[in-house]
Every structure is written in structure tokens, then in C-alpha cells.
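Residue-level structural notes
The primary structure of each chain is shown beneath.
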Amino acid sequence: MRFGFFLRESIRSMRRSAAPSFAALATVLVTMLVLGVFIPIVQATNGAANSVRGRVMVDVYMRTSATAADDARVRGELLRVPHVGSVQFVSKTTALTQQSAQDPQAFQLLSSNPLPDTFHVLPDKPGNVLAIQRALTPGGGMLDPMIQTVSDRQQDTKKILEVTNLVTITAAVLTVLLVLASILLIANTIRLSLYSRRREVEVMKLVGATDWFIRWPFVIEGMIVGSVGALMAIAVLGATKIALLDPLASNWTLIAAPRTIAFSVLVVVLLAAGALVSAVGSGLSLRRFLRV
Amino acid sequence: MIEFRGVSKRYSGGDVGLDDVTFSVERGDFVFLVGATGSGKSTVMRLLIKELEPTAGTIRVAGHDLGEIKRKRIAYYRRNVGVVFQDFKLLPARTVYDNVAYALQVTGGTRREIREKVPDILRLTGLSTKLHNYPDQLSGGEQQRVSIARAFVNHPPLLLADEPTGNLDPETSVDIMRLLYRINRTGTTVLIASHDQAMVDKMRRRVLELAHGRVVRDEATGFYARDETTREFARRLRAPSSRPPGLA
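Residues numbered from 1 in each chain as written. Chains lettered and ligands numbered in written order. Predicted model: local features only at pLDDT ≥ 70, side-chain atom pairs only at ≥ 80, totals over all residues.

**Concerning the overall build of chain A**
A count of helices and strands for chain A gives 11 helices and 4 strands. Taking 292 residues into account, the globule formula puts the C-alpha radius of gyration at 19 Å, and chain A, at 31 Å, lies well above it. Along the longest, intermediate and shortest principal axes, the C-alpha atoms of chain A span 95 × 40 × 35 Å. Looking at chain A residue by residue over its 292 residues, the buried ones come to 28%. Considering only intrachain contacts with a sequence separation of at least 6, the fraction spanning at least 24 residues in chain A is 87%. (Helix = DSSP H or I, 4+ residues; strand = E, 2+ residues; numbered from the N terminus. Rg over C-alpha atoms; globule rule 2.2 N^0.38 Å. Buried ≥ 20, exposed ≤ 12 C-beta atoms within 10 Å, placed from the backbone. Contact = placed C-beta atoms within 7 Å.)

**Digging into the pairing of strand 1 (residues 2–10) of chain B**
Residue and element names in this part refer to chain B. Bridge count between strand 1 and strand 4 (residues 56–61): 5 bridges; the pairing is antiparallel. When the sheet's bridge partners are listed, glutamate 3 is paired in strand 4 with arginine 60. Examined bridge by bridge, strand 1 and strand 2 (residues 16–25) share 6 bridges and lie antiparallel to one another. When the sheet's bridge partners are listed, phenylalanine 4 is paired in strand 2 with phenylalanine 23. (Pairing = 2+ DSSP bridges.)

**Some thoughts on the interface of chain B and chain A**
At the interface, 16 residues of chain B touch 11 residues of chain A. When contributions to the side of chain B that touches chain A are tallied by element, the ones reaching two or more residues are helix 2 (74–78) and helix 3 (96–106) of chain B. Top element by residues in the side of chain B that touches chain A is helix 3 of chain B. It accounts for 4 residues. Taken together, the residues of the side of chain B that touches chain A sort by class into 9 nonpolar, 2 polar and 5 charged. (Nonpolar A, V, L, I, M, F, W, Y, C, P; charged D, E, K, R; others polar.)

**Here we look at the packing of helix 2 (residues 18–54) of chain A against helix 7 (residues 154–195) of chain A**
All names here are of chain A. Remark: helix 2 packs on helix 7, axes separated minimally by 10 Å, with the N-to-C direction vectors making an angle of 170°. Relative to helix 7, the element helix 2 is oriented roughly antiparallel. When its residues are assigned to classes, the contact of helix 2 with helix 7 shows 18 nonpolar, 11 polar and 1 charged. (Axes fitted to C-alpha atoms, helices over the stretch in contact; angles between N-to-C directions. Parallel < 35°, antiparallel > 145°, perpendicular 65-115°, else oblique.)

**Considerations on the domain arrangement of chain A**
Segmentation of chain A into domains returns domain 1 (2–52 + 161–290) and domain 2 (57–152). The gap between the C-alpha centroids of domain 1 of chain A and domain 2 of chain A is 52 Å. (Domains from an automatic or database assignment.)

**Description of the sheet that holds strand 1 (residues 58–62) of chain A**
Residue and element names in this part refer to chain A. Spatial ordering of the open sheet is given by 2-3-1-4, a layout of 4 strands whose pairing is antiparallel. Only two strands of the sheet have a single neighbouring strand rather than two, namely strand 2 (84–90) and strand 4 (147–150). Averaged over all pairs of adjacent strands, the angle between strand axes in this sheet comes to 20°, irrespective of strand direction. Relative to strand 3 (residues 118–123), strand 2 is paired through 6 bridges, and the arrangement is antiparallel.

**Brief notes about the domain arrangement of chain B**
Residue and element names in this part refer to chain B. Each assigned domain of chain B is listed here: domain 1 (1–80 + 157–165 + 179–248) and domain 2 (87–155). Put simply, the middle of domain 1 and the middle of domain 2, counted by C-alpha atoms, are 24 Å apart. Counting from both sides, the interface comprises 5 residues of domain 1 and, opposite them, 8 residues of domain 2. Considering only residue class, the side of domain 1 that touches domain 2 consists of 4 nonpolar, no polar and 1 charged.

Laid out in C-alpha cells, this is it:
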């Protein structure tokens, strides 16, 4: 029965102070809109960066004379090198079928298989790929006499690592800043609307209202304003997604990247964030006025 | 009912609010607190509703040591003290009825209780026709009546009024004083801070005078007509200011 009273109180105060409530609602709407666009973008960026980093590896080519026993020995040796995550073996026959599938005409001209057995050496972490390469070519020689060459893509690898690092860090920093700005912006708007009602709070205290008795209507009001703002943002995002993104997704892979957040999850996240930040913001902003 | 023992209050800026004040007020008393601005009247009031803490000394109200009431319990203590202010302090967004009802809602009053008590108290204060008006549609005297109704709707044993007639004309002031006297006659202890010397003299009630934070006078003004009716009381207040017989 208390809840009914608090709900009526918060609806009454929203009606009376429509302008500040609307300002708070608009603030939540805009921040949630930005957040809703930003979350998938950051995820897509990170996903792209990670998949690029995942492709960083060292290729080890065997001599064409290598036997199956040689391959097994080299495989064992490779696995003992520090920081090696896994080793993939591609036999010369497999390599030939893969290559000829790409360019059948060229390979039809060949009578024999010119391709060597190959190991793809994947590092445990992309950053360690250069260390592995150094370990495979000690002093300019080869780890094993049956190894023909070790791929040398130092420059490319370095660049990839640097760029993807930068992208990930930038995205993280932007996310933190955006979340911080959202919280401050919403809290500030709420504080403004509370400031106009500080006398009311003072009177309530003098009549003998407990802190929580005063606080609940404000918290509920914050929750309502936050949820409505978030819902409106979700509606806008949903319309945009259906009208713009979905038709494009079929021929633009970044948007279709599977690692971005599902829309249903995004809805829940935005709704929870909007309601929670506004409710907690109202409750906390009220603290200073409660000290009578 | 109220007991101040060696109470001092120094504000953080170094100003002295009260300086070693000792007095007591019996249950059912009607007491005036007079003194110039800055003499400490409001400090006494604010100490009594525990808006301020004394620097030294103890204050007891109805047997409770105010210093021992925890922060969380202050709200519950305040429900036993009705407060009336010079500037009314009504909630502007609520009607007369809702302003008074709020004091009951705060204490967990049921709807039925509110429906019974609020019209009663508004009849007592003569506001029955203004139930659905908002405070800004009322005159100053009417607003003060609402504020008194709100302070008294819980029937607190103690009613504090800080300059209740400070913003009102003399005729309206008499009405307000009469209302406070009527409340006093129900057994409620009433403490009024005022600088309206003429009014206080006419009332012929106990007067505590403060100056620079000290009690400089504590006496009944004139003869003590404790049991006069409110009508007699009002007639006497409206009479032209004359020193009561028997006083030089």
C-alpha cells in the first residue's frame, strides 16, 4: 500500500514539474541513443581487430624431400618452442588441392606437385609471434635441417599488432568517457530538477518524514523518466535498424559481423542503464537536500 | 515538558546563538519567547526540532534527552512536535487538504484516518470552505491557519511557533493567537517566539526574554488568566493597548 502512495506522489510531481522532467527525459533519450549506437560499433571494431590479430602466424615450409617421419619430428620440435599455441599441419597434397581449387587452369599445367609440406604456427598471444619467429631461426640458420624456410613478415606483423592495439585502446577509452559523460549528464539534469524542489523536501523533513519516505517518490520518478527515455531511444534505434541496417547487412560485412551485441540484449542493457542511472542519480542527488 | 539546562550554542563562524541558557516549561503552558533579532529565539526553536545540536548543555523534551536521539530517529521525534513558521512553509503544489493530509501520510496514517481527521482540524481552524484551494490562492492569515492545522493534526503534545504573526496584520494576528490559545486549551504546550511586544503584553502569559543569547527575564506579564475562554481572550487582545490594572 505504501508503494501505491509513492507512485501517486511521483506521478503528481512529474505533472507539476513537467519541464524539468521533460529535460531529464530528453537527456536520457539522447545519451541512450548515443550509447545504443556506440556499443555495437565498438564491438564490431574490436571484433575486426581481433580477427586480424588472429590471423597473425608463422609459416614453416619443409624441404620437398621431407618424409612423414621428418614431419612428425619437426612438429614435436615446434610444439616445444615457447609461446607456441598450436601447430597446424598442411600436407603437400592438401595444399595442392586448395591451391588448384583457386586457380585450376594454372595447376593443370603442372605435372608434379611443387608445394612443400607446411606448418602454420599460431602463437598463444598475437604479440608473441615475433619471438617465435626468432626462436625458429636461431642465428640465421634453421631449427631443423629439414626446414626449408620460415616466413619472414616482420614488418607486416609489427604494423598489424600496433594498429589493432591502438584501435582496441581507443575504443576502450571512448567507451569509458561516454559512459562517464552519460552518468554526469543525467545526474546533473536530475539535480537541476531537484533543486527547484528543495524547499518542498525541507518542509517534508520538518513534518517528520523519514529520509526514505521522501526519497522513494523521487527514485520512482527517476526510474519512470529513465525507462521512458530509454524506451524512446530503443524505438528510434529499432526503427533505424530495420529501415537502414538490415537491408545493408547482406552486402556489408562489418555490420553483419557476428560478434556485435544482439538487439534484444541491447534493449535490456539500455533499459536497465537508463532506469538505474536515473533512479540512483535521483536518490543520490537528494542527499544534500536531506541534511536539514 | 521542555527543559534547557546550561545550553550553549556557538555557530561555526564564532557567533554566539545561546550562552548557558537554563529554563523549563511545564506541560500545558503557553509561553512567549521574546527578544530582539539575533537574541537567540530562533536558535531555541531550531534546537527544539533538532535542526541544530547544542555546543554544550542538555535539552529534554517530554522526558527525552535530545542529545541521545539518533539521526535516524529524528523524523519520529519531530512527529511529536508541531511547528509553525513565519513564512508558513506550505507545499505549493498541494491543496489545503493535501497539505494537512501529508502530515498524516508521513506518519503512516490510513486513508480512513485521514478522511476523518483532516476535515475536523480544518473546521477547527476555520478553513472548511478552502479545502481545494492552493496556498497561493489564500491570504496570509489563511495560509498560517493551514500551517497550524498541519502542525496540530497529529495532536502533538508540543507546538512551536516561530514568529507566527510576523507577516500578518494586527487583526489577523489576533485570530491566529486565538487559534493557538484554543489549541493550548486542549492541553498542548505552546511555545511562541515573537518580537511583537504589544501583543505579548496583552496576552498576559508567561514571557521568557532573551538578549544576546541569555535569559534576561522570565515572568508572567500581568495577572494570569489561565482559564479564560477563547472569546474573552480575543476580546482582550482587540482592546486598545492599555496596561492591565494592578501594574505600574
